[in-house]
Amino acid sequence: MQTTAVAAASKRGKASPLTDEQKILLFRNLMLAMALDRMMMRVIRAGRMVGFYHEGGIALAPGVAAGTFLRKEDILWPHYRAHGLAHMLAKGIDVKLYVAEHMGREAGCCKGRSSFHFSFPQDHVFGLSGNIGANFPMVVGYGFAAKYKKTDQVVMNCSGDGSYGEGRAHEALLISALWKLPVVFWLENNGMAQHSGEQDLFPGKEISVLAAGYGIPAMKVDGQDLFACAETALAAIAHTRSGKGPIFIECRTLRAQEHSVGNLNNEGPVKRDQKLMDEWKATRDPLKIAAARLIEEGLLTETVFTEWQAEADKQADAMDEFSEASPKAMPSVEELYTQVYAGKGN
Ligand SMILES: Cc1ncc(C[n+]2csc(CCOP(=O)(O)OP(=O)(O)O)c2C)c(N)n1
Ligand SMILES: [Mg+2]
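Attention here is on the structure that accompanies the text. Note that the structure is predicted; figures quoted are calculated from it, not measured.

Parameters and conventions
- Residues numbered from 1 in each chain as written.
- Chains lettered and ligands numbered in written order.
- Predicted model: local features only at pLDDT ≥ 70, side-chain atom pairs only at ≥ 80, totals over all residues.
- Axes fitted to C-alpha atoms, helices over the stretch in contact; angles between N-to-C directions.
- Helix = DSSP H or I, 4+ residues; strand = E, 2+ residues; numbered from the N terminus.
- Parallel < 35°, antiparallel > 145°, perpendicular 65-115°, else oblique.
- Left-handed = near helix turned anticlockwise from the far one by under 90°.
- Contact = placed C-beta atoms within 7 Å.
- Near = placed C-beta within 6 Å.
- Nonpolar A, V, L, I, M, F, W, Y, C, P; charged D, E, K, R; others polar.
- Expected span 1.5 Å × (residues − 1).
- Buried ≥ 20, exposed ≤ 12 C-beta atoms within 10 Å, placed from the backbone.
- Core = buried A, V, L, I, M, F, W, Y, C linked by C-beta atoms within 7 Å.
- Pairing = 2+ DSSP bridges.

## Some points on the packing of helix 5 (residues 95–102) against helix 13 (residues 302–324)
Part 1 of the argument: Where helix 5 contacts helix 13, the two axes come as close as 9 Å, and the packing angle between them is 55 degrees. One finds that helix 5 runs oblique with respect to helix 13. For the element pair helix 5 and helix 13, the recorded crossing hand is right-handed. Where helix 5 approaches helix 13, its residues Val 95, Lys 96, Val 99 and Ala 100 are matched on the opposing element by Met 319, Asp 320, Phe 322 and Ser 323.

Structure, rendered in structure tokens:
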């Protein structure tokens, strides 16, 4: 078992491989992702969203880290929580198209037809699914194609702890290891899978030990520490790009709110620990942790923090306004058959 605790590395300060510019970029990506997540929550609570939203809350640092260092041609399967917002924003999608899509507008990335079953093919995000575990067969295919075509593409495969109880996950680990496919298995473990707690789903001590059974190296990281996550992502991407095959990363975080909007009183048999959630929100907010680090390193001041925060909120509001200004998706009967696999029949 090659589990390495890397979270401590980021606290070594100078030993960090991240440049000052990279730290600022990561920080501002996280700030914008969290501002957008808040805006999306306002929109759905106001009844202006089509379909669901699954709040990211204080668990968006791993997503930002996973997306920030990918090249355009690298393939990203984002975790469905916050509908991949943090991952895709960091990879460079046009986020206003994501917002408009959720609001069922023609300006959306899939013309408002998809809710969160969309894609950004131009950015090599070929899909996102509400079917938990749907990523696994897909990323093996992407990885196989990348290797077969002799590219040095990396496949960033992000998903939650809930997906690793599925047979598909184990098949994907096995085949990726056997064929040395360039897949990063990026697990965002928030301790919950809808109504089930981790302890009800996994008999072992931690999920990352699964990787050892397939000979895949694994690393664990504190998911609240943006820079530790980013260092881990850099190392994982370098490992995979160099042809060494898959790698497994477990980011530890917490779902500090309900599963999705409207589920507050429907949390199933697992009683959530409100005190723990409040405590994490107060003391383990990844943006505050990263800000403290940047201030300590002389890269940020309280005043600049406030300015950037206001800017991020303004950007998020502008994307809401952009979406509102676009016509509601109202496909004609003829159009219903376009861009779907099913045909009209005989
Ligand atoms: C195949 C399948 N089974 C069950 C569900 C219902 N479901 C939706 S989200 C979810 C939990 C996913 O947990 P996890 O992957 O840990 O992500 P998290 O919500 O914790 O971020 C489940 C079981 C589903 N969408 N797809
Ligand atoms: Mg989970």
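## Some points on the site of ligand 1
Part 1 of the argument: Close to ligand 1 lie 16 residues, the nearest being Arg 81, Ile 132, Gly 160, Gly 162 and Ala 193.
Part 2 of the argument: Broken down by secondary-structure element, the contributors of at least two residues to the shell around ligand 1 are strand 3 (155–160) and strand 5 (192–193).
Part 3 of the argument: Residue composition of the shell around ligand 1, grouped by class: three nonpolar, ten polar and three charged.

## A few points about helix 10 (residues 226–241)
Part 1 of the argument: End to end, helix 10 covers 22 Å across 16 residues, agreeing with the expected 22 Å (1.5 Å per residue, within 8%).
Part 2 of the argument: Every buried residue of helix 10 is listed here: Leu 226, Phe 227, Ala 228, Cys 229, Ala 230, Glu 231, Thr 232, Ala 233, Ala 236, Ile 237 and Thr 240.

## Notes on unusual backbone geometry
Part 1 of the argument: Although it is not a glycine, Lys 111 sits at a positive phi angle of roughly 55 degrees.
Part 2 of the argument: Taking the number of C-beta atoms within 10 Å as the measure of exposure, Lys 111 has 20 and is therefore buried.
Part 3 of the argument: In this structure, Gln 194 is a non-glycine residue whose phi angle is positive, near 55 degrees.
Part 4 of the argument: Following the sequence through the fold, Gln 194 ends up in the loop between strand 5 and strand 6 (196–197).

## Digging into the environment of Lys 72
Part 1 of the argument: Among the structural elements, Lys 72 can be located in the loop between helix 3 (61–68) and strand 2 (75–77).
Part 2 of the argument: For the pair Lys 72 and Pro 327, spaced 255 residues apart in sequence, the C-alpha to C-alpha distance is 30 Å.
Part 3 of the argument: Setting aside residues up to four positions removed in sequence, Lys 72 forms contacts with Asp 123 and His 124.

## Description of the nonpolar core
Part 1 of the argument: Leu 30, Ala 33, Val 64, Met 156, Val 184, Leu 226 and Ile 249 are the most contacted members of the largest nonpolar core, which has 92 residues in total.
Part 2 of the argument: The contact partners of Leu 226, leaving out residues within four places of it in the chain, are Leu 26, Phe 27, Leu 30, Ala 61, Val 64, Ala 65, Pro 286 and Ala 290.

## Describing the pairing of strand 8 (residues 247–252)
Both faces of the sheet carry side chains from a regular strand, because those side chains alternate between them.
Part 1 of the argument: Burial analysis of strand 8 places six of its six residues in the buried class, which makes it a mostly covered element.
Part 2 of the argument: Burial along strand 8 is two-sided: the face carrying Ile 247, Ile 249 and Cys 251 and the face carrying Phe 248, Glu 250 and Arg 252 are both buried.
Part 3 of the argument: Looking at chain direction, strand 4 (residues 183–189) and strand 8 are connected through six bridges and run parallel. Its bridge partner being in strand 8, Asn 189 is matched across the sheet by Arg 252.

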